[in-house]
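In case you want the letters, here they are:
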Amino acid sequence: YLKYHENRPRLFTMDSGRNVYIKDILFKDSPYWTTKFTCMDGMEIDGCGITARRTNQDGHGLLDLSAFNTDGFDVSGHNMYIHDCNCYAQDDCYTVKDNCDGVSSNILFENNNASGMAMVIGSIGGSHIKNVTFRNIVAHHTFKGIYTKFRGGTGKMTDITFENVLMDTPDQFPIWIGPAQQADDPDPCHPNPCSLCWPDIPSAICNPVEESQMENIMLRNILIRSPKMSLGVIMGSNESPTKNLTFDNVRVDKCGAPLTTIEETFPLLPLDVWDDWVAKIVAITVAALFFLIVLFCVLPCVLCFKKKWCCYSEAGKRHWKIIAITLLVLVAVALTPVYIWHHDVGADKMNRDEVSQEQRAATPSRVSAFKRLTPPPQFLICQGVEAAVATGNTYPVPRCFIDMTEGESKWEHGVQACEVREYWWTFLLAAAGAATFAYLRWKRGKVSYKARAESEGGEDEVTLELVRNSDHNRSS
């Protein structure tokens with residue numbers, strides 16, 4: 001992107017097609033938009049796959065995201081059906097774009113899997129997008145989930161539905177309704193209209209599109225598991241606010257274990273993934289080495305105050321104490337992810353071949369007897385909406401919405417209980433380190449008091465001997 005900007009080839013394009021059927025094609029490592037279908041009327045895409053990655057990471061790190069504009073299925077036109085497809089890209093996966101006649105309509109995305117910017121409408125300039133549905137979508141480790149965006153102009157979106165969606169551990173915003181977060185400029189932080197650097201960089205700007213219109217947007221049966229950031233952004237314009245925006249059973253499970261794996265989510269894609277077993281073995285090995293160092297090298301030196309074979313000086317002993325506490329903390333940090341993985345695999349694993357997506361979405365997280373109360377994640381911005389309503393078991397309710405959720409769900413989800421099982425190793429080792437440090441301080445103080453008492457006693461004896469010698473000389 002930094003070298004060629006927009007001057008890169010697309011992998012597959014089609015214009016003004018009629019009654020097109022595309023099946024079982026894998027599109028791999030496109031330098032720009034993977035597919036682009038414009039001015040279509042009657043098209044079905046069945047069982048196709050798209051992959052665009054720079055690393056084997058199961059997620060979207062900075063290096064992978066540098067592959068800007070590797071969109072998946074970019075479509076515009078009328079009467080289209082995209083189903084049973086896989087897309088793992090670093091930009092928009094399933095996307096409705098501006099059409100040549102100014103309208104894109106009657107488009108259904110169904111039974112698809114996505115990771116990247118999963119379900120997208122836009123960016124829209126002057127077109128009207130209507131009657132578009134995303135249904136039965138699994139977004140595994142996606143960057144953004146639901147993403148409707150205007151880049152400028154007088155564009156309009158009406159009658160848009162997202163339903164039966166599972167987002168598993170989204171890296172950034174699960175829901176974004178508002179301006180396009182893009183640059184289209186050599187400066188990646190250029191706001192066009194919303195900067196890619198927003199909100200991470202304080203000087204970055206995110207501008208709403210004042211003349212855009214959005215009406216009758218429905219999000220129904222959406223489950224967001226373990227989001228890494230806030231729930232998202234809802235940013236309408238003051239001049240043309242978003243109207244009739246409804247969240248029905250849009251739920252967040254902050255503490256839930258992931259329900260999907262990359263292998264089962266993308267069966268159509270040849271994805272090479274870093275083996276988790278290697279990382280776990282490395283973590284266990286490092287933790288074991290730290291434990292052995294602490295057990296056989298550090299603790300004997302710390303606990304032996306007088307034996308010179310343990311420590312050579314008081315300064316050395318003090319340094320060893322610092323090293324011991326540091327290593328205890330490192331051991332805790334190394335063992336925590338190992339325990340998390342062990343517990344999640346042992347306690348939360350499900351037979352995914354026999355459990356439907358709806359059953360997974362309805363499965364609550366296990367809650368142990370030891371709980372900590374955590375505030376629920378919230379939307380970063382919620383503004384510029386009119387007649388926005390939250391119904392059913394929606395939780396949490398965006399602050400600019402009218403709360404019409406069920407009473408029981410309010411009491412049930414008022415404060416979410418998360419298990420502390422992920423942290424008990426850290427707590428235990430931290431307590432052990434604190435106890436060891438307190439013991440060492442106490443023992444050091446005891447030794448210092450004994451040495452001082454012996455020293456003071458010796459001085460008294462010397463003083464008494466000097467007085468006796470003086471009296472003897474005087475009498476002589």
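Everything below is about the structure printed above this text.
Our subject in this report is the structure included herewith. All values reported here derive from a predicted model rather than from experimental measurement.

### Some details on the side chain of His140
Here His140 shows up in strand β9 (residues 128–140). Residue classification places His140 among the buried residues on the basis of a relative accessible area of 2%. Separated by 3.1 Å, the side chains of His140 and Asp58 make a polar contact.

### Observations regarding empty space enclosed by the protein
Where empty space is left can be seen by rolling a probe of water-molecule size over the atoms. With the rule as written, the count across this model stands at three cavities of 30 Å³ or more. Roughly 70 Å³ of volume is contained in the largest cavity. As for the largest cavity, its lining consists of 13 residues, of which Phe150, Ser212, Met235, Gly236 and Thr242 are closest to the centre. Sorting the residues of the lining of the largest cavity by element identifies β12 (175–179) and β13 (213–225) as the ones contributing at least two each. Across the lining of the largest cavity, the residue classes tally to six nonpolar, seven polar and no charged.

### Regarding the state of the cysteines
What the rule picks out here adds up to four disulfides. Covalent S-S linkage joins Cys189 and Cys197, the inter-sulfur distance amounting to 1.7 Å. Looking down the S-S bond of the Cys189 and Cys197 bridge, the torsion is -70°, so its handedness is left-handed. Residue class for Cys189 comes out partly exposed when judged on its relative accessible area of 27%. According to the relative accessible area criterion, Cys197 is buried, its value standing at 14%. In this model Cys382 forms its disulfide with Cys400; the gap between the sulfur atoms is 1.6 Å. In this structure, the disulfide formed by Cys382 and Cys400 twists by about -50° around the S-S bond and is classed as left-handed. Within this pair, whereas Cys382 is found in strand β17 (residues 379–383), its partner Cys400 is found in the loop between β19 (389–392) and β20 (402–405), the two being separated by 18 residues in sequence. In this structure Cys400 comes out as partly exposed when scored by relative accessible area, which is 24%. This cysteine, Cys87, is not joined by any disulfide, and Cys93 carries the nearest cysteine sulfur, 3.2 Å off. With relative accessibility at 0%, the residue Cys93 sits in the buried group.

### Comments concerning the layout of surface pockets
As a volume, the second largest pocket reaches approximately 1100 Å³. Surrounding the second largest pocket, 42 residues form its lining, Phe68, Asp91, Gln181, Gln182 and Leu196 being those nearest its centre. Those elements that place two or more of their residues in the lining of the second largest pocket are β4 (35–46), α1 (62–65), β6 (73–83), β7 (86–96), β8 (103–124) and β10 (144–150). Of the residues belonging to the lining of the second largest pocket, the class tally is 18 nonpolar, ten polar and 14 charged.

### Points about the pattern of salt bridges
One pass over the full model with this rule turns up 13 salt bridges. Between Arg220 and Asp248 there is a salt bridge whose closest N-O contact spans 4.0 Å. With Arg220 in strand β13 and Asp248 in strand β15 (residues 242–253), the pair connects residues that are 28 residues apart, well separated along the chain. We classify Asp248 as buried; its relative accessible area is 19%.

### Some words on the environment of Leu380
Counting through the fold element by element, Leu380 comes out in strand β17. Expressed as a C-alpha distance, the spacing of Leu380 and Met229, which sit 151 residues apart in the sequence, is 9.2 Å. Setting aside anything within four residues of it in sequence, one finds Leu380 in contact with Phe173, Trp198, Pro199, Ser230, Gly232, Val233 and Arg399.

Rules and cut-offs
Sequence positions are assigned chain by chain, starting from 1 and proceeding in written order. This being a predicted model, a pLDDT of at least 70 is required before a residue's local features are given, and a value of 80 or more before pairs of side-chain atoms are given or counted; all residues contribute to the totals for chains, interfaces and linings. As a rule here, side-chain values cover all heavy atoms of the structure and leave hydrogens and water aside. Secondary structure follows DSSP: runs of H or I at least 4 residues long count as helices, runs of E at least 2 residues long count as strands, and numbering of each begins at the N terminus. Each residue is placed in one exposure class: buried if its accessible area under a 1.4 Å probe, protein chains only, is under 20% of its type's maximum, exposed if it is over 50%, and partly exposed if it falls in between. Any pair of N or O atoms that falls within 3.5 Å is considered a polar contact. Within protein, one atom must be able to donate a hydrogen and the other to accept it, and sequence-neighbouring residues count only if both atoms are side-chain atoms. Each cavity reported here is a set of points on a 1 Å grid over the protein atoms alone in which a 1.4 Å probe fits but cannot get out, each pocket an open set with protein on both sides within 12 Å along at least five of seven lines, and each lining residue one with an atom within 4 Å of a point. Grid points are joined across faces, edges and corners, and a volume is the space filled by probe spheres set on the points. Gly falls in the polar group here, along with every residue not listed as nonpolar (Ala, Val, Leu, Ile, Met, Phe, Trp, Tyr, Cys, Pro) or charged (Asp, Glu, Lys, Arg). Note on disulfides: each one is a pair of cysteine sulfur atoms within 2.5 Å. Any Lys or Arg side-chain nitrogen located within 4 Å of an Asp or Glu carboxyl oxygen qualifies as a salt bridge. We call two residues in contact when some of their heavy atoms are within 4.5 Å.

By themselves, these figures tell us nothing about what the structure is for.
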